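# A look at the structure
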Amino acid sequence: MSELRWNPLMGEWVATATHRQTRTFLPPADFCPLCPTKPGGFPTEIPEPTYDIVAFENRFPSLQPEPPAPAVEATELYPVRPGVGVCEVLVYTPHHNSTLAAEPVEQIHQLVEVWTDRFRELSALEFVEYVFIFENKGEAIGVTLHHPHGQIYAYPFIPPRVERELEQSRAHRDKTGRCLLCDILAGERADGRRIVASNDSFAAYVPFFARYPYEVHIASARHLQALTDMTDVEQRDLASILKTVLVAYDKLFDLSFPYMMVLHQRPSDGGDYDYYHFHIEFYPPLRTATKLKYLAGSESGAGMFINDTLAEEKAAELRARVAPVVWQKEGSGD
Amino acid sequence: MQRRQITLEDGRYLIFYTFDEEAASPTPPESAGDEQAPARVEEPTAEPQATEERRV
């Protein structure tokens, strides 16, 4: 059962997907559904003995191209619509014990190419208005499968957090004639205290307004709206700075750092969003090696985050752990 | 980049993305600050089971 129920209090859709209760939960490594299917072995989701990168429709989707009719009838107060959309799983590597941070830049660049292809293809679907690429990593975030993977949700509407960024970006452009994120990036580069790493095409920084202690944003130096606007050099620079940030994260506490990684791109509804600016946001839940940043009363109930740390200090911690990254390496994972 | 799409038994699509050795190993951009290391050893690729689409 899956459907979209309208929340009139907040003016946003909530997906109901009851079948997800039965999805695979932390299976032993021998029965990982995202590993290749070895000859004579356990049949996984991927029916071949090896692969580079794989994308497939989620077996337990919140949204699907041909969804069932809603279980309840809509009313004037409570609009309901079928949960139309697409939910994909992206498997980064056949190596079960790897992570994106452990993969060479070459593999991350290949992932960027796949992201671009998936964005282009899903954006073209008539019922899709926003393509959201993301990764949840680590049990602290609630992942149910450890194998390195990300996800894509192709929504039939623009999700509220992106919509708010669009509104703010449009208002700033109307007021100043400039791009909001271009101004933010110029300010961060000029100040320098919150910059974690940069190259010709991207800068990674802890935002002035960070909600999580180790929140990092990666913004493109050039004003562009989506992966499909990037040159090949920019795609490679994106892979490189992603590797830099991920390695710095892992070095912080000498552990595989949990995070949510989300890509914010222009909507796919055919509108003109030239005032918007592509960027990636990381939300790591750890505030120390052993303590989590909880989304408690103020964060969940009021929508106001309380950050117990200074962005300038956390950026310095991450900056101290930035190291040269490797384009290729001998094998990985397992 | 090459892609090959198959349909799983339950009707879902699955897309294999593969990358040519030649195309995947150019000189990395200087701006990235990368350093070169030995190429990875690639595992052999299996024959496709149910080819529906192939695109480069």
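These numbers come from a predicted model, not from an experiment.

All names here are of chain A. One open sheet holds the three strands; their spatial order is β2-β1-β4, and the pairing between them is antiparallel. Every other strand in the sheet has two partners, leaving β2 (12-17) and β4 (80-82) as the edge strands with one partner each. Along the sheet, successive strands turn relative to each other by an average axial angle of 30 degrees, direction set aside.

Here the focus is the packing of aromatic side chains. All names here are of chain A. For the structure shown, the criterion picks out 17 aromatic pairs over all chains. Ring pairs connect the aromatic residues Tyr214, Tyr249, Phe253, Phe257, Tyr259 and Phe282, which therefore count as one cluster. A cation over a ring is seen here: arginine 211 above tyrosine 283, with NZ or CZ 5.1 Å from the ring centre. Lying across the ring of phenylalanine 305, arginine 211 places its NZ or CZ 4.5 Å from the centre.

All names here are of chain A. In terms of nonpolar packing, the biggest core is built from 59 residues, with Trp115, Val216, Ile218, Leu238, Leu242 and Phe282 touching the most fellow members. When residues of this core are assigned to their parent elements, the largest contribution, nine residues, is made by helix α4 (residues 232-252). For phenylalanine 282, the residues in contact, after removing those within four places along its chain, are Glu215, Val216, Ile218, Leu242, Val245, Leu246, Tyr249, Tyr259, Met260 and Met261. By size, the runner-up hydrophobic cluster in this structure holds 19 residues, among which are Phe132, Tyr155, Tyr273 and Tyr275.

Our next topic: the pairing of strand β3 (residues 53-57) of chain A. In terms of residue burial, β3(A) counts as a mostly covered element, since five of its five residues are buried. Neither face of β3(A) is left uncovered, since the one carrying A:Ile53, A:Ala55 and A:Glu57 and the one carrying A:Val54 and A:Phe56 both have all their residues buried. Across four bridges, the pairing between β3(A) and strand β2 (residues 13-18) of chain B is antiparallel. Each residue of the ladder has a partner; that of A:Phe56, found in β2(B), is B:Leu14.

Looking now at the packing of helix α1 (residues 105-123) of chain A against α4(A). Residue and element names in this part refer to chain A. At a minimum axis distance of 8 Å, the contact between α1 and α4 shows a crossing angle of 125 degrees. Comparing their axes, α4 and α1 come out oblique. Along this stretch, α1 crosses α4, giving a crossing that reads as right-handed. On the side of α1, the interface is formed by Val105, Ile108, His109, Val112, Glu113, Trp115 and Thr116, while α4 contributes Asp232, Gln235, Arg236, Leu238, Ala239, Ser240, Leu242 and Lys243. Class assignment of the residues belonging to the contact of α1 with α4 gives a composition of seven nonpolar, four polar and four charged.

Residue and element names in this part refer to chain A. Non-glycine residue aspartate 254 carries a positive phi angle of around 55 degrees. Within the element layout of this structure, aspartate 254 appears in the loop between α4 and β11 (259-264). Since its relative accessible area comes to 71%, aspartate 254 is described here as exposed.

Analysis parameters
- Residues numbered from 1 in each chain as written.
- Chains lettered and ligands numbered in written order.
- Predicted model: local features only at pLDDT ≥ 70, side-chain atom pairs only at ≥ 80, totals over all residues.
- Heavy atoms only, no water.
- Pairing = 2+ DSSP bridges.
- Helix = DSSP H or I, 4+ residues; strand = E, 2+ residues; numbered from the N terminus.
- Axes fitted to C-alpha atoms, helices over the stretch in contact; angles between N-to-C directions.
- Phe/Tyr/Trp six-rings, centres within 6.5 Å; stacked < 30°, edge-to-face > 60°.
- Lys NZ or Arg CZ within 6 Å of the ring centre and 35° of its normal.
- Core = buried A, V, L, I, M, F, W, Y, C linked by side-chain atoms within 4.5 Å.
- Buried < 20%, exposed > 50% of the residue type's maximum accessible area, 1.4 Å probe, protein only.
- Contact = heavy atoms within 4.5 Å.
- Parallel < 35°, antiparallel > 145°, perpendicular 65-115°, else oblique.
- Left-handed = near helix turned anticlockwise from the far one by under 90°.
- Nonpolar A, V, L, I, M, F, W, Y, C, P; charged D, E, K, R; others polar.

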